[in-house]
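Analysis of the macromolecular model
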2 protein chains.
Amino acid sequence: MIITKSLENKLRKFAKLAVKTGVNIQPGQMLIVNASVDAKEFATMVAEEAYLAGAGYVDVQFSESNISKLHYKYASDKYLLDVPEWSIQKLHYWMDEKAARLSISSPNPEAFKGVDPARMAKASKAAAPKTSFFRKFSMASGSQWSIVAWPNPVWAKKVFPEKEENEAMEALMDAILYASRVTSDNDPVLEWKEHTTRLDEHSKLLNNYHFKTLKFKNSAGTNLSIDLVENHIWAGGAEVSLNGFVFAPNIPTEEVFTMPHANGVNGRVVATLPLNYNGKLIEEFYLDFKDGEVVAYGAKKEEETLKQLLEMDEGAKRLGEVALISHDSPISNLNILFYNTLFDENASCHLALGNAYTMNIKDGNELPEEELIKQGYNKSMVHVDFMFGSADMEIDGITYDGNIIPVFRKGNFVF
Amino acid sequence: MIITKSLENKLRKFAKLAVKTGVNIQPGQMLIVNASVDAKEFATMVAEEAYLAGAGYVDVQFSESNISKLHYKYASDKYLLDVPEWSIQKLHYWMDEKAARLSISSPNPEAFKGVDPARMAKASKAAAPKTSFFRKFSMASGSQWSIVAWPNPVWAKKVFPEKEENEAMEALMDAILYASRVTSDNDPVLEWKEHTTRLDEHSKLLNNYHFKTLKFKNSAGTNLSIDLVENHIWAGGAEVSLNGFVFAPNIPTEEVFTMPHANGVNGRVVATLPLNYNGKLIEEFYLDFKDGEVVAYGAKKEEETLKQLLEMDEGAKRLGEVALISHDSPISNLNILFYNTLFDENASCHLALGNAYTMNIKDGNELPEEELIKQGYNKSMVHVDFMFGSADMEIDGITYDGNIIPVFRKGNFVF
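1. As for helix α3 (residues 65-74) of chain B
Quick reminder: α-helices carry 3.6 residues per turn. Residues three or four places apart thus point the same way. Along α3(B), the residues classified as buried are B:I67, B:L70 and B:H71. When α3(B) is viewed along its axis, its buried side chains cluster within an angular range of 105° and face the same direction. Of the surrounding elements, those touching the buried residues of α3(B) are α2 (40-52) and β2 (57-63) of chain A together with α4 (77-80) and α6 (117-139) of chain B. The N-cap residue of α3(B) is B:E64: its side-chain oxygen and the backbone nitrogen of B:N66 are 2.7 Å apart.

Have a look at this one:
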């Protein structure tokens, strides 16, 4: 991919967006950037913009997916399963310094093709207990963090199989920038301020309504009623880190989302986009729910894969997330399947089969799990999003005193 | 630079050479590779070849010179001068594991243009005492290490200013491979075995002769007598690491070298290639020695720079190294000025003004400095190589009992 003057101009804005809106870097703060070597020019721009915004230090950690693959394939068990002390100390150092973290993610859907999954699992399992302290810190947003995307040839050809590699790369780059609200004539930082404010307002409004139930209906065949847990919290847009700074964990993001009641879902949902699960594409499928559980289902393609997913465990048959996305958003307007959650989950209203987020219920990070389950929290080892939004989606919210409030009309928020 | 099938074939051999001859990786051993992001394809090949040769783990550490430049330019003093504990622990881990180290060096002669040298010096000074233990380990070859080269556009344009950037890159890539003895139809690992054996034999022969003096003469105007220190050692070709493995620290290497007596150099040396010092090119220069010291000199270009060099300190006026290189070597046949010591010092017989190597004198790593100086060791803060070899260089060795032994005839070793 050749970086033309016009693309460079947009990438410069994208870098500013990542640094100012994404991690909201603070004067003197350390920034850790994870980047593929393929994104070296963009990573350099990010480093420069971070310094210009006052960063005290930018540490760019480059990786090469082919080298990671060789590692899983050939490294001796001694080194594959080892987590050297210095690497743990490094994580502690980042925590102590409250370093911000930015991931320039360039997912290669075939990165680990041909690698024994058992060896990969063994490596993760060996590392997990030694690095869990850092995962906890990250998931609780101990400091600001964000993810932006970068194209690579394999991913680009998957999204645009009919194009030549170079054209596919350019098309995916364009799509990423458009979806991230970076255009040649806007100020994306400003636009994101408005955008996340809008998402925050939607969350606030929805929290104020304190709906008991959401009812979904469209011409695709969805006719679904979802009870929310009583103490549910709507989230979306910007977050605040424990060190006190507003940041945007995902670029792009379009969703506001909350927790369905594990036993309170009834009716039929018809998917409006294929679901990519374990490398298989489940197409034109529906699920019928009764008291929270999937009791019937069908798919035109890969029904067997859908079956495997639903049978992963008890929680895989129930919902863990309901997310509302206006149909008129940059991502859904693109009408592209990205084969990547960062994008696809933001293209359309979606549900997730499987585990719920504790942040979507009051005191969710403190209450014991049994108490959460009693309140309607769904527990599972999977969390799989699927899209069911459409241009004619109608959503009503039913309050505890029986009022019916229009939430979506013709695919978009009414407020 | 496009990696064609034919180039890929050569790079694959180059990678094998780096892994097998350069660091001579051992089964189960860890290999640390330092590489520029620009060398990502080659670094990936090196990782693969290392694993295929039995490496236990290959850790490729990528860097981007533009990001390093931003670091020196903008990092806060707090982070610029900090050497975090984890990074010191990492070096200890490498030492404990006796990891081999390979540097894929891609020197950009303008990498730090515009950076305040005082800030760079401050950073090195802050780091030096904390990492000196590792420098010691490296310089004593505690484990195997090697350097190979990789082109970059700025370096390529410096070497081939008349060519377009892409052509210059290809030409420099070709020159690096040719100089490293990698061709489309040879087995470079085998060729290097013969090559380093030849260098070892030269060293051994020269050590056996135990010359008192070397006399140099050619049509360029050199007429120079160099006494060697009595306990001098000729080195060159392969080395043996403290962990017991033969390795080739420099790819390419053509030299055998030893220690002149700081007070025993007399006559005139005329340089046959320009000398790149501090970014200035000193051309067509000569030096007149008396009892080891430069007593007169002249240069057609940059005589003032030559003066500055000679006046750096007392030792800068005396020799610290004499190196013999057959005129008929791949590098000198290329007849290219690389502006890079890894290549240029191997193109021609050379001398170095300034500090001598302790490895070139018996017990040099153990004896106190005063004792070394008494034996003729030269001490200086500089060590600057310059080329004086030619196609008609004649060298005689004079033994302690007055025998005259021909060493070079018509620019090449006679034995």
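Next, the rest of the story.
2. Quick word on the relation of the copies chain B and chain A
Relative to chain A, chain B is turned by 180° and slid 0.0 Å along the rotation axis, the superposed coordinates differing by an RMSD of 0.1 Å. Put plainly, the chains are arranged around a two-fold axis. Residue B:W86, judged by its C-alpha, is the member of chain B lying nearest the rotation axis, at 2.4 Å. When you check the interface residues of chain B against chain A, 100% turn up at the interface there too, and the contact is symmetric in its surfaces.

3. Quick notes on the interface of chain B and chain A
Listed by partner, the interface residues are 34 residues for chain B and 34 residues for chain A. Summing both sides of the interface, chain B and chain A together bury roughly 3100 Å²; the carbon and sulfur share of this comes to 68%. Where chain B meets chain A, there are four salt bridges. Of the charged contacts in the structure, one is a salt bridge between A:E97 and B:K78, with a shortest N-O distance of 2.8 Å. If you list the elements that add at least two residues to the side of chain B that touches chain A, you get α2 (40-52), β2 (57-63), α3, α4 and α5 (85-96) of chain B. The greatest single-element share of the side of chain B that touches chain A, amounting to seven residues, is contributed by α2(B). Classifying every residue of the side of chain B that touches chain A by side-chain character gives 18 nonpolar, seven polar and nine charged.

4. Details of the sheet that holds β2(B)
Residue and element names in this part refer to chain B. Read from one edge to the other, the open sheet built from four strands follows the order β2-β1-β3-β4, with strand pairing classed as parallel. In this open sheet, the two edge strands, each paired with only one partner strand, are β2 and β4 (145-149). Taking each pair of neighbouring strands and ignoring which way they run, the sheet shows an average axis angle of 15°. Where strand β1 (residues 30-36) lies against strand β3 (residues 100-105), five bridges are found, and the strand directions are parallel. Counted as the bridge partner of A35 is I104 from β3. In the packing of helix α1 (residues 5-22) onto the sheet, contacts are made with β3 and β4, and the angle to β4 comes to roughly 160°.

5. With respect to unusual backbone geometry
The general pattern is negative phi for most residues beyond glycine and trans for most peptide bonds. Residues and elements named next belong to chain A. A cis amide bond links I251 to the next residue, P252, at an omega of 5°. With respect to the secondary-structure elements, P252 resides in the loop between β9 (246-247) and β10 (256-258). If you check the backbone angles, E302 has positive phi at about 60° while not being a glycine. Among the structural elements, E302 can be located in the loop between β14 (293-301) and α10 (303-310). E302 sits in the partly exposed class, given a relative accessible area of 33%.

6. As for the packing of aromatic side chains
Residues and elements named next belong to chain B. Tallied over the entire structure, the rule returns 35 aromatic pairs over all chains. With 6.1 Å between their ring centres and 55° between their planes, W145 and F247 make a pair best called tilted. Of this pair, W145 sits in strand β4 while F247 is found in strand β9 (residues 246-247), placing the two residues 102 residues apart along the sequence. Given a relative accessible area of 22%, W145 falls into the partly exposed group. The exposure class assigned to F247 is buried, which follows from its relative accessible area of 1%.

What counts and how
Residues numbered from 1 in each chain as written. Chains lettered and ligands numbered in written order. Predicted model: local features only at pLDDT ≥ 70, side-chain atom pairs only at ≥ 80, totals over all residues. Heavy atoms only, no water. Buried < 20%, exposed > 50% of the residue type's maximum accessible area, 1.4 Å probe, protein only. Helix = DSSP H or I, 4+ residues; strand = E, 2+ residues; numbered from the N terminus. Arc of directions from axis to C-beta. Contact = heavy atoms within 4.5 Å. Polar contact = N/O pair within 3.5 Å; in protein donor to acceptor, adjacent residues only side chain to side chain. Least-squares fit on C-alpha atoms with pLDDT ≥ 70 in both. Buried area = accessible area lost by both parts, 1.4 Å probe. Salt bridge = Lys/Arg side-chain N within 4 Å of Asp/Glu carboxyl O. Nonpolar A, V, L, I, M, F, W, Y, C, P; charged D, E, K, R; others polar. Pairing = 2+ DSSP bridges. Axes fitted to C-alpha atoms, helices over the stretch in contact; angles between N-to-C directions. Phe/Tyr/Trp six-rings, centres within 6.5 Å; stacked < 30°, edge-to-face > 60°.

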